[in-house]
Amino acid sequence: MELNGTMDQNLVLEGPTNPMVSPLLADLYQFTMAYAYWKAGKHLDKAVFDLYFRKNPFGGEYTVFAGLEECIRFAANFKFKDRDIDFLRKILPPMCEEGFFDYLREVDCLDVEIYAIPEGSVVFPKIPLIRVEGPVAVVQLLETSFLNLINYASLVTTNAARHRRVAGNSKVLLEFGLRRAQGPDGGISASKYSYLGGFDATSNVDAGRRFGIPVRGTHSHAFVSSFMGLDEITDTALSRADGKGICDDFVSLTQHWLSKLKAADSSRGSFADTNVSELAAFTSYALAFPNNFQALVDTYDVMRSGLPNFCAVALALHELGYKAHGIRLDSGDLAYLSIEVRKFFYAIENEFDIANFGKMMITASNDINEETLDALNKQGHEIDAFGIGTHLVTCFAQPALGCVFKLVEINGQPRMKLSEDVSKVSIPCKKRCYRLYGREGYPLVDIMTGPDEQPPKEGERILCRHPFNESKRAYVVPQRVEELHKCYWPGTSGKKREPLPSLEKIRERCLKQLAEMRSDHMRSLNPTPYKVSVSAELYQFIHFLWLNEAPVGELQ
């Protein structure tokens, strides 16, 4: 973007991840309103819009804010192309004047300012996640894209954070949802925001390339069932891990170890003849990946075939100086099977004196969700890692967050949307928002104030009021005060632009903020609502404006 003939590097950013995010990614009424504003000469009126949500998802009492970076990149590159204008001319009513399309050709976001809570923050209803200031027609053209970029990102990040909390910090969480996601963009976004919300890795290779997320994966049941027998393995040689020698017949070595397992005291009677084709698949996979051998063991029978076959290959690898990674369970009673597998591993460790064989990784998948994780924890299990797909990426428990984009001020005049449903009443005017912390370091309450009010101060008592319920109020003496909004897009205002952090930094912020919250706000069952409030002065103004704007009925 050029200012006075030079490029302001502060405003130069790459475009959104998805090239489909363009100025035409909008509902038609954004353009019909823009034309009506232009026709009335109101298109340059200075407007303030808040983007927020009304209710936390998944029956919980917190949300993680995500998607901000994509919004800022979209705004930084907001410009209609000639083909966009040509298409709009076709779909808008023919009476639209040509001057409007000339206006659209010049539209950008240089006169727009965007303030937001940092991405990765724990957030709550009614508090503006993003505040957008600028010419009313331009800001409304951003509305649909901003909502699209924030709604799903925040929802899936929150879903991931909830899964992480139930699983516990010691477990590895793997996002396996690409094949079940709602299209390619849903898959890419889910991988990115699941990682942001606390997952450790993804199976999505393209997400790994784009965002630097660790990528994990082994093989499917199809790989196992594609083998018919050991004679299909033509190259049977495997070098020792230290490079000092070669095992010419790794297949025979695995068969040797399988025989030893059958005869071992620790496993005598637990299995008879295993599935040979499965053994062939495992052996072939180990020959391909001797340093990272992990097997899916439930294609035929976990305890009678998959587990002993895996252990035979793992023991053969150990003899050559390699260490197998572990197994994956994709069906059956995961708690019971994981416990039995762990017992089998430790029995082999003790029988053959192989250090840490009992600690090999046990990964579980198979339509896992929050409830599954909670049930497994209550039953007791030996699972180290969970591969979670459908319930994570589709947000099966709740398909949408429900963010809204509401006008709160026009030309310096506060505006307010009224409704018979109090939850849908908007909070007027450009606001400043703060988080107040208590003695123990936990956040106590978020408070909104008018733009000209003095900010809350540490150690000074402030009255916090529910925006709409006059009886809900409390004095708070904050030990720390944090202003929530920062300027992420200053336009040409000359204000300093907050830099966009890396995905790793956003993830760190998310995990840190989640750890700082009081546990009763975070629990899955009957969580304590977090308090969102307004100052006494803003409370009085809200209700004054409400009475002024609401029509007075008349009884006949």
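The residue count restarts for each chain, going from 1 along the sequence in the order it is written. This being a predicted model, a pLDDT of at least 70 is required before a residue's local features are given, and a value of 80 or more before pairs of side-chain atoms are given or counted; all residues contribute to the totals for chains, interfaces and linings. The side-chain quantities take in all heavy atoms of the structure and omit both hydrogens and water.

**Examining the overall build of the protein**
What counts here: Here a strand is any run of E in DSSP of at least two residues, a helix any run of H or I of at least four, and the numbering for each starts at the N terminus. Think of it in three bands: residues with accessible area under 20% of the maximum for their type are buried, residues over 50% are exposed, and the middle band is partly exposed, with areas taken using a 1.4 Å probe on protein chains only. Note on definitions: a residue-residue contact is assigned when non-hydrogen atoms from the two residues lie within 4.5 Å. Counted as positive: Lys and Arg. Counted as negative: Asp and Glu, with His and the chain ends omitted from the count. Lysine's charge is taken at NZ, arginine's at CZ, aspartate's at CG and glutamate's at CD.
Within the protein, the regular secondary structure consists of 17 helices and 24 strands. Seen through its C-alpha atoms, the protein measures out along the principal axes to roughly 90 × 55 × 50 Å. Within the protein, the fraction of its 556 residues that count as buried is 54%. Across the protein, contacts joining residues at least 24 apart in sequence account for 74% of those joining residues at least 6 apart. Taken together, the 62 basic and 70 acidic charged side chains of the protein have centroids lying 5 Å from each other.

**Focus: the nonpolar core**
Selection rule: Working definition of a nonpolar core: buried Ala, Val, Leu, Ile, Met, Phe, Trp, Tyr and Cys residues. They are joined through side-chain atoms within 4.5 Å. By convention here, the domain bounds are inherited from an automatic or database domain assignment.
Core analysis: the largest hydrophobic core is formed by 164 residues, its most contacted members being Ile130, Phe250 and Phe310. Top element by residues in this core is helix α5 (residues 136-167). It accounts for 17 residues. Counting residues domain by domain, this core receives three or more from each of domain 1 (28-160 + 398-549) and domain 2 (219-381). Residues within four places of Ile130 in sequence aside, it is in contact with Phe49, Asp50, Leu51, Phe65, Leu68, Cys71, Ile114, Tyr115, Ala116, Phe146 and Ile150.

**So, the confidence of the model for the protein**
Convention followed: The quantity called pLDDT is the predictor's confidence in a given residue, expressed from 0 to 100.
Mean pLDDT for the protein: 95, with 98% of residues reaching 70 or above. Ignoring residues within four places in sequence, the model shows residues 3-7, a span with pLDDT below 50, making eight contacts including any to other chains.

**What about helix α13 (residues 370-379)?**
Put simply, the rule is: Note: the arc covers the axis-to-C-beta directions of the helix. Definition of a polar contact: a pair of N or O atoms within 3.5 Å, with one able to donate and the other able to accept a hydrogen when the atoms are protein atoms, and with sequence-neighbouring residues admitted only if both atoms are side-chain atoms.
All of the buried residues in α13 are Glu370, Leu373 and Leu376. For α13, the buried positions fall inside an angular range of 130° around the axis, keeping them on one side. Opposite the buried face of α13, by more than 90 degrees, sit the exposed residues Glu371, Lys378 and Gln379. Against α5, α12 (334-352) and β15 (385-388) lie the buried residues of α13. Where α13 begins, the side chain of Asn369 points an oxygen toward the backbone nitrogen of Glu371, at a separation of 3.1 Å. Downstream of α13 by one or two residues, Gly380 has phi in the positive range, about 95°.

**Notes on the packing of aromatic side chains**
Short version of the rule: Think of it this way: a Phe, Tyr or Trp ring, Trp meaning its six-membered ring, pairs with another when their centres are within 6.5 Å, and the plane angle makes it stacked under 30 degrees, edge-to-face over 60, tilted otherwise. Working rule: Lys NZ or Arg CZ, within 6 Å of ring centre, within 35 degrees of ring normal, means a charge sits over the ring.
Applying the stated criterion to the full structure yields 21 aromatic pairs. Where Phe74 meets Phe78, the ring centres are 5.5 Å apart and the plane angle is 85°; that geometry is what we call edge-to-face. Residue Phe74 shares its accessibility class with Phe78, and that shared class is buried. Plain terms: the ring middles of Phe468 and Trp546 are 5.8 Å apart, the flat faces sit at 90° to each other, and that makes the pair edge-to-face. Pair noted here: Phe468 is in the loop between β20 (462-465) and β21 (473-476) and Trp546 is in helix α17 (residues 536-549), with a separation of 78 residues, a long-range link. With a relative accessible area of 16%, Phe468 lands in the buried category. Clustering of aromatic rings is evident, with ring pairs tying together Phe31, Phe74, Phe78, Phe80 and Phe146. Here the basic side chain of Arg89 rests over the ring of Phe101, its NZ or CZ set 5.1 Å away from the ring centre. Above the face of the Tyr115 ring, Arg131 is positioned so that its terminal group lies 4.4 Å from the ring centre.

**Details of the pattern of salt bridges**
The following threshold applies: Counted as salt bridges are all cases of a side-chain nitrogen of Lys or Arg within 4 Å of a carboxyl oxygen of Asp or Glu.
This model, assessed by the stated rule, comprises 32 salt bridges. Residue Arg89 is joined to Glu98 by a salt bridge in which the shortest nitrogen-to-oxygen separation is 2.7 Å. What makes Arg89 partly exposed here is its relative accessible area of 30%. A cluster of three or more residues bridged by salt bridges with shared partners is formed by Lys46, Arg131, Glu133 and Lys430.

**Section: helix α2 (residues 68-76)**
When you tally the buried positions in α2, you get nine out of nine residues, the bulk of the element. Listing the buried residues of α2 in full gives Leu68, Glu69, Glu70, Cys71, Ile72, Arg73, Phe74, Ala75 and Ala76. For α2, the elements touching its buried residues are β5 (113-116), β7 (130-135), α5, α6 (183-196), β23 (486-489) and α15 (503-516).

**Focus: the pairing of β20**
Defined as follows: At least two DSSP bridges between two strands are required for those strands to pair.
Across four bridges, β20 lies against β21 in antiparallel orientation. Within the sheet, the bridge partner assigned to Cys464 lies in β21 and is Ala474. Across two bridges, β20 lies against strand β24 (residues 531-535) in antiparallel orientation. Each residue of the ladder has a partner; that of Cys464, found in β24, is Ser535.

**Description of the sheet that holds β7**
Pairing is antiparallel in the open sheet, where six strands are placed in the order β17-β16-β3-β7-β5-β23. Sheet topology places β17 (413-414) and β23 at the edges, where each strand pairs with a single neighbour. Two strands pair when backbone bridges link them, and β5 and β23 are joined in this way by three bridges, in the antiparallel orientation. Residue pairing in the sheet places Tyr115 in a bridge with Cys487 of β23.

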